[in-house]
Amino acid sequence: MPSSATGETVIAPDEHILTVQEALEPLYQKLEQEVEARLVEAAVDAGWSPYDALNAIDQLKKHDGLQ
């Protein structure tokens, strides 16, 4: 098995148990929730209702093709 310069074992790509997508998906979802919470908070601080803020976020996601 190949080793890195620091002596740590590096697992070959064909030996990975998870795909990159499976490994990153929980982190991506956590970041997405954090971003959405901050956006709603900022919108509410600016006088929007939480409902209107969430609708605006949904529209932005649709516009950007994220939904």
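Remember, predicted model here, so these are calculated numbers, not experimental data. (Residues numbered from 1 in each chain as written. Predicted model: local features only at pLDDT ≥ 70, side-chain atom pairs only at ≥ 80, totals over all residues. Heavy atoms only, no water.)

> What exactly am I supposed to notice about the pattern of salt bridges here?
Opposite charge on two side chains permits pairing when their charged atoms draw close. All chains considered together, the criterion is met by three salt bridges. Residue Lys 61 pairs with Glu 32 through a salt bridge whose shortest N-O separation is 4.0 Å. Of this pair, Lys 61 sits in helix H2 (residues 50-64) while Glu 32 is found in helix H1 (residues 20-45), placing the two residues 29 residues apart along the sequence. Residue Lys 61 is classed as buried on the basis of its relative accessible area of 16%. Among the residues examined, Glu 32 registers a relative accessible area of 32% and is labelled partly exposed. One salt bridge in this structure joins Glu 34 and Arg 38, with 3.2 Å as the shortest N-O distance. With Glu 34 and Arg 38 both in helix H1, this residue pair falls four residues apart, about one helical turn. Since its relative accessible area comes to 57%, Arg 38 is described here as exposed. The network of salt bridges with common partners includes Glu 32, Glu 36 and Lys 61. (Salt bridge = Lys/Arg side-chain N within 4 Å of Asp/Glu carboxyl O. Helix = DSSP H or I, 4+ residues; strand = E, 2+ residues; numbered from the N terminus. Buried < 20%, exposed > 50% of the residue type's maximum accessible area, 1.4 Å probe, protein only.)

> When you look at H2 in this model, what are you seeing that I'm missing?
Since the α-helix packs 3.6 residues into each turn, any two residues three or four apart lie on the same face. Counted at 1.5 Å a residue, the expected span for H2 with its 15 residues is 21 Å, and the 21 Å between its end C-alpha atoms agrees. Among all positions in H2, only Ala 53, Ile 57 and Lys 61 are buried. The buried residues of H2 occupy an angular sector of 75° when projected down its axis, which confines them to one face. Exposed residues pointing more than 90 degrees away from the buried face of H2 are listed as Tyr 51, Lys 62 and His 63. Contacts made by the buried residues of H2 are with H1. (Expected span 1.5 Å × (residues − 1). Arc of directions from axis to C-beta. Contact = heavy atoms within 4.5 Å.)

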